[in-house]
Amino acid sequence: MRKLEPRLMALHIGSMPHTDPVHAVQRVLDAFPDIPAWPQLPRRSFRENMYVQFSEGFPGVAVEDEKIYVDRARDLTPELERLYTAYIEGDLEFAAVSREYALGFYQFIETVATLPQPPVAVKGQVTGPVSWGLTVTDRDGWSVLYDETLAEALAKHLGMKAAWQERELRKLSLNTIIFLDEPYMASFGSAYVALGREQARMLLEETLIAIQGVRGIHCCGNTDWSLLLETSVDILSLDAYGYAEALALYPEEVHAFLDRGGMIAWGIVPTSKDVMQETTASLVDRLHAAMNLLVRKGIPFEKVLSASLITPSCGTGTLSPDLAERVFTLTAEVSAEMRRRYGTK
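Conventions and cut-offs
- Residues numbered from 1 in each chain as written.
- Predicted model: local features only at pLDDT ≥ 70, side-chain atom pairs only at ≥ 80, totals over all residues.
- Heavy atoms only, no water.
- Helix = DSSP H or I, 4+ residues; strand = E, 2+ residues; numbered from the N terminus.
- Rg over C-alpha atoms; globule rule 2.2 N^0.38 Å.
- Buried < 20%, exposed > 50% of the residue type's maximum accessible area, 1.4 Å probe, protein only.
- Contact = heavy atoms within 4.5 Å.
- Areas by Shrake-Rupley, 256 points an atom, 1.4 Å probe, with all protein chains shown as cover.
- Polar contact = N/O pair within 3.5 Å; in protein donor to acceptor, adjacent residues only side chain to side chain.
- Axes fitted to C-alpha atoms, helices over the stretch in contact; angles between N-to-C directions.
- Parallel < 35°, antiparallel > 145°, perpendicular 65-115°, else oblique.
- Left-handed = near helix turned anticlockwise from the far one by under 90°.
- Nonpolar A, V, L, I, M, F, W, Y, C, P; charged D, E, K, R; others polar.

Across its full length, the protein chain carries 12 helices and 9 strands. The C-alpha radius of gyration of the protein chain comes to 19 Å, within 12% of the 20 Å expected for a compact globule of 345 residues. Viewed in the frame of its principal axes, the protein chain has a C-alpha envelope of about 60 × 45 × 35 Å. Classification of the 345 residues of the protein chain by burial places 60% in the buried group. In the protein chain, 75% of the contacts between residues at least 6 apart in sequence involve partners at least 24 apart. For the protein chain, the accessible area works out to roughly 13,900 Å², and carbon and sulfur atoms hold 51% of it.

Structural data, given as structure tokens:
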């Protein structure tokens, strides 16, 4: 179930600035017909914010007045017991994400089910445990991740969310991809994050193992890439527009990752106003330069090429709709041009 030939295909990260789920899904299918991903629509509702969207069912969680927090003052034992019982029994319905929290997901399911042919693969995403655990706090501002009991529950909670999502997406295509979105991994190792390497790896791994299909991790900043490459991840997704040099600092780890069938999702299209200064040709040149950083470290170009996917550098949810449209168009065009040059169509 975890077989996928990347073939320089294009996909997107998740969030979009649109508020109409029908339009958002159609735009996804237009730009990314091979590997469409369901759209997260944070401007439609606060409940589609990436830190709120997967919060349903977590012990003590409260969403009110466009705030999310965990109420640690109340007795969480019954809720923790319900979570662990569902986890042990494999009760994925417990982890279902409701329409109120993910209308884009449900519209995607309904629309793609009507296509005459299934896509090559379908992609979903869930907020990763490090980012969710550092961002969501209790009433006193203490991050959930620093509570040992809640941190352990969190990995199981998000793993079940990913597994439920994957089960639903598999009705559309036998090939499923689920990303853990981990923007806060860019802060790993800093003085502001009291998180050890082994704890981070275990949190990621416990979430990843719930995914039966292709497993991805997306980080839109610089991080310790060797840590992510040590996990069972299949796709490493990075902001290659801004941080390709950082990945090239780990040539041995990248080589081993590619040798075991790993893939790189090159986020070569910037999700910022810089996108207005770029063209398909300029981004193709930039992509080659990013790939050649690995080639100069001894990794064959053909190996890099055959393991590559093309993406935006991050989600587009914070952009204007016009900028997001340009990001999508350029991503599709860079993919098409690379596939034309290297005969992967």
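Let us look at helix α3 (residues 103-112). For α3, a buried count of 8 out of 10 residues is recorded, marking the element as mostly surrounded by other parts of the structure. Looking at α3, one finds that the buried residues are Gly104, Phe105, Tyr106, Gln107, Phe108, Ile109, Thr111 and Val112.

Another point: the environment of glutamate 110. Here glutamate 110 is to be found in helix α3. Looking at glutamate 110, the relative accessible area reads 38%, which means it is partly exposed. Taking C-alpha positions, glutamate 110 is 9.5 Å from leucine 172, a pair spaced 62 residues apart along the chain. Engagement of the side chain of glutamate 110 in a polar contact is seen with the side chain of arginine 99, the distance being 2.4 Å.

The subject of this paragraph is the packing of helix α5 (residues 148-169) against helix α6 (residues 197-208). Remark: α5 packs on α6, axes separated minimally by 7 Å, with the N-to-C direction vectors making an angle of 30 degrees. With respect to α6, the element α5 is oriented roughly parallel. Regarding α5 and α6, the two cross each other, and that crossing is right-handed. Along the contact surface, α5 presents Ala151, Ala155, Lys156, Leu158 and Gly159, while α6 presents Leu203, Glu206 and Thr207. Among the residues making up the contact of α5 with α6, the classes are represented as 4 nonpolar, 2 polar and 2 charged.

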